[in-house]
Amino acid sequence: MSARPAAGKALTGAAAQVLGLGTYLPSRTVTNEMVCERIDSSDEWIRTRSGIRLRHWAEPSETVEFMAATAAERAVEHAGIGVDRVDCVIVSTVSHLHQFPSLAAGVADRIGAPAPGAFDISAGCAGFCYGLALASDMVAAGSAGHVLLIAVERLSELTDPEDKATAFLFGDGAGAVVVGPAERPGIGPVAWGSDGSQKETIRQTSAWSALRETPEAPWPSIAMDGREVFRWAAYHLGPVAQQALGRAGVSVDALDAFIPHQANMRITDQLVTELKLSGHTAVARSIETHGNTSAVSVPLAMQDMLAAGTAPPGGLALLLSFGTGLVWAGQVIRLPARPVSAPEPATAPPSTPVDTGTVR
Ligand SMILES: CC(C)(COP(=O)(O)OP(=O)(O)OC[C@H]1O[C@@H](n2cnc3c(N)ncnc32)[C@H](O)[C@@H]1OP(=O)(O)O)[C@@H](O)C(=O)NCCC(=O)NCCS
């Protein structure tokens, strides 16, 4: 490994850190060929334009609550704390199909956490980084000792399998971290923002109320102006990354890992060039096997990199995400210090009824 400059290695920010990490990937693997049975496309087009080769789609029994709770239990175990020490549960999701109650309250109960604060947030694909900012500030402020942050998505349920602009893009899964107290800052200040004038670029095709008004109306799904989102990301994300590095007082050369939202391999490639990342900085590329899992993509990629040994436990990582809104968020963190093993195989319960709305 090449020598790294010492300057900019001392992360400034909250006295909070990521203590534990856990993920869940659904049991069903879906190839590009399978997706192309419903759209006029090809494995080659999908791989070259997006970088995606495979994605996982949840079976009916792999509900958002099940996937979130499984990832959460793994994160709590990895953190080495008892679940009774979780003071707050935050869930980031856009695919929990109940308006209320929050998914967080159900997950807290399911994992046996005794009466923690619990709430959901909606920040699309940037939701993990948004939630991490909240969790970090809650711990630093003393509002919570340990915060369990979970990102979970079942976007297969909100994807139109016949829309060639989106059918190949999204995957399902869950990723969770435990944020707890630290002797030195482990989570840098967030760089975040929104631009609601771009709210139509990634949108739900219709409101749920359309189904009440016209029962034969199409099931709402994700619509996206991919080219526009791509252009926006290419122009705006570099400065957000620089802002996150600046706020953390970390130089780009000090990064052990770069973990951008896994939206498109070409966006990642462009950021690597624009940020002039050093050769020793590992770059997340798990879109290849997971697709775009929205808010889950950052913790999933983190797990992949730590388990594969491409990123060192306790190393410095720049997280960077963006999504529907449009919204964006990024921060520098210290990766969990404990060794991380490969994600466990899916454990879908065979006959649990679906608890999150209608499955097509
Ligand atoms: C979706 C994405 C992969 C499409 O790649 P692209 O290179 O931008 O492709 P375009 O949308 O410009 O379309 C190029 C051509 O391919 C066609 N095309 C679109 N989807 C296709 C598909 N699945 N298979 C084959 N052709 C397709 C288009 O119709 C277009 O044809 P035309 O030139 O004859 O009009 C890319 O735009 C992307 O990743 N955007 C960002 C998505 C994103 O970040 N979303 C964030 C969610 S948080």
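Draft legend 1. Up close: the overall build of the protein chain. A tally of helices and strands in the protein chain yields 10 helices and 14 strands. By the compact-globule yardstick of 21 Å for 360 residues, the protein chain fits well, its C-alpha radius of gyration being 19 Å. Seen through its C-alpha atoms, the protein chain measures out along the principal axes to roughly 60 × 45 × 40 Å. A burial count over the protein chain gives 56% of its 360 residues as buried. Across the protein chain, every contact between residues at least 6 apart in sequence was considered, and the portion connecting residues at least 24 apart equals 80%. Here the protein chain has roughly 14,500 Å² of accessible surface; of this, 53% comes from carbon and sulfur atoms. If the 26 positive side-chain charges of the protein chain are averaged to one point and the 36 negative ones to another, these points end up 6 Å apart.

Draft legend 2. Spatial organisation of the layout of surface pockets. Taken as a whole, the largest pocket spans an internal volume of roughly 1,300 Å³. Listing elements by their share of the lining of the largest pocket, those giving two or more residues are helix 2 (43-50), strand 5 (117-121), strand 9 (202-204), strand 10 (222-224), helix 7 (226-248), helix 8 (265-274) and strand 13 (316-323). Residue contributions to the lining of the largest pocket peak at 4 residues, all from helix 7. Looking at the lining of the largest pocket residue by residue, the class counts come to 22 nonpolar, 19 polar and 9 charged.

Draft legend 3. The arrangement of the packing of helix 3 (residues 64-79) against helix 4 (residues 103-111) in detail. Their axes nearest at 9 Å, the elements helix 3 and helix 4 cross at an angle of 55 degrees. Between helix 3 and helix 4, the angle is such that the two are oblique. Taken as a pair, helix 3 and helix 4 cross one another with a handedness that is right-handed. Contact residues: helix 3 offers Val64, Glu65, Phe66, Ala68, Ala69, Ala72 and Glu73, while helix 4 offers Leu103, Gly106, Val107, Arg110 and Ile111. Classifying every residue of the contact of helix 3 with helix 4 gives 8 nonpolar, 1 polar and 3 charged.

Reading guide: rules and limits
Residues numbered from 1 in each chain as written. Predicted model: local features only at pLDDT ≥ 70, side-chain atom pairs only at ≥ 80, totals over all residues. Heavy atoms only, no water. Helix = DSSP H or I, 4+ residues; strand = E, 2+ residues; numbered from the N terminus. Rg over C-alpha atoms; globule rule 2.2 N^0.38 Å. Buried < 20%, exposed > 50% of the residue type's maximum accessible area, 1.4 Å probe, protein only. Contact = heavy atoms within 4.5 Å. Areas by Shrake-Rupley, 256 points an atom, 1.4 Å probe, with all protein chains shown as cover. Lys, Arg positive; Asp, Glu negative; His and termini not counted. Charge placed at Lys NZ, Arg CZ, Asp CG, Glu CD. 1 Å grid on protein atoms, 1.4 Å probe; cavity = no way out; pocket = protein on both sides within 12 Å on 5 of 7 lines; lining within 4 Å. Points joined across faces, edges and corners; volume = space filled by probe spheres on them. Nonpolar A, V, L, I, M, F, W, Y, C, P; charged D, E, K, R; others polar. Axes fitted to C-alpha atoms, helices over the stretch in contact; angles between N-to-C directions. Parallel < 35°, antiparallel > 145°, perpendicular 65-115°, else oblique. Left-handed = near helix turned anticlockwise from the far one by under 90°.

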